[in-house]
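Per-entry structural report
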Amino acid sequence: MKRSLVLAVAALASTSVWAADGKALIDRYCVGCHADEVYTRPDRKIRSLDTLRLQVLRCNAMTKSGLTDEDVAAITDYLNQSFYKF
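For the structure given in this document, a descriptive report is provided here. (Residues numbered from 1 in each chain as written. Predicted model: local features only at pLDDT ≥ 70, side-chain atom pairs only at ≥ 80, totals over all residues. Heavy atoms only, no water.)

Notes on the overall build of the chain
Quick reminder of the rule: Numbering of helices and strands starts at the N terminus; helices are DSSP runs of H or I of at least 4 residues and strands are runs of E of at least 2. It only takes one pair of heavy atoms within 4.5 Å for two residues to be counted as in contact. Under the convention used here, a 1.4 Å probe and the Shrake-Rupley method define accessible areas, while residue burial counts only the protein chains that appear.
Each helix and strand in the chain was counted, giving four helices and zero strands. Shown N-terminal to C-terminal, the secondary structure of the chain runs as helices and strands in the order α-α-α-α. Contacts in the chain between residues at least 24 apart in sequence constitute 69% of all its contacts with a sequence separation of at least 6. Surface exposure of the chain reaches about 6,100 Å², of which carbon and sulfur atoms provide 60%.

Have a look at this one:
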């Protein structure tokens, strides 16, 4: 029981850290092409968490930003927590 609780708390804490890192990464790499409105428009094309991650990967490849897997996960997590909520 205690071990499960510790693991759950650690997972939640790492998600929050990743989301914070995701915001910093978006500010650095994404706002040049995207304003927040792209994530909230009614006709948005992203309809699942997997599609969101794939879009972040596509943007990384197109811009040659050199984001790591951890960066992609942090950006995806931040966007999902802040806008998409899948």
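Next comes the rest of the account.
Let's talk about the packing of helix α3 (residues 49-63) against helix α4 (residues 69-84)
Cut-off, in case you're wondering: Simply put, an axis is a line fit to the C-alpha atoms, just over the touching stretch for a helix, and the angle between two N-to-C directions goes from 0 to 180 degrees. Roughly parallel means an angle under 35 degrees; roughly antiparallel means over 145; roughly perpendicular covers 65 to 115; every other angle is labelled oblique. For a crossing to be left-handed, the near helix must be turned anticlockwise from the far one by less than a right angle; the clockwise case is right-handed. Here the term charged refers only to Asp, Glu, Lys and Arg, the term nonpolar to Ala, Val, Leu, Ile, Met, Phe, Trp, Tyr, Cys and Pro, and the term polar to all other amino acids, Gly among them.
It is the contact of α3 with α4, at a shortest axis distance of 10 Å, that shows an interaxial angle of 130 degrees. Judged by the angle between their axes, α3 and α4 are oblique. In this structure, α3 meets α4 at a crossing whose hand is right-handed. Of α4, the residues touching α3 (which contributes Leu 49, Leu 52, Arg 53, Val 56, Leu 57 and Asn 60) are Val 72, Ile 75, Thr 76, Leu 79, Asn 80 and Tyr 84. Split by residue class, the contact of α3 with α4 holds eight nonpolar, three polar and one charged.

Digging into α3
Heads up, the rule is: What a helix should span is 1.5 Å times the count of its residues minus one. Three exposure classes are used, based on accessible area relative to the maximum for each residue type with a 1.4 Å probe and protein chains only: buried under 20%, partly exposed in between, and exposed over 50%. Here, the arc refers to the directions that run from the helix axis to the C-beta atoms.
For α3, with 15 residues, the first-to-last C-alpha span of 21 Å sits near the 21 Å given by 1.5 Å per residue. Within the sequence span of α3, burial applies to Leu 52, Val 56 and Asn 60. In a view along the axis of α3, the buried residues occupy a sector of 80 degrees, so they form one face of it. Turned more than 90 degrees away from the buried face of α3, the exposed residues are Asp 50, Ala 61 and Met 62. The inward-facing, buried residues of α3 abut α4.

A look at the pattern of salt bridges
How we decide: Here a salt bridge means any side-chain nitrogen of Lys or Arg lying within 4 Å of a carboxyl oxygen belonging to Asp or Glu.
The full count for this structure, using the stated rule, is two salt bridges. The salt bridge partner of Asp 27 is Lys 23, with a shortest N-O separation of 2.9 Å. Here Lys 23 and Asp 27 lie together in helix α1 (residues 2-29), a separation of four residues that amounts to about one turn. The exposure class assigned to Asp 27 is partly exposed, which follows from its relative accessible area of 38%. On the basis of relative accessibility, which here comes to 35%, the residue Lys 23 falls in the partly exposed class.

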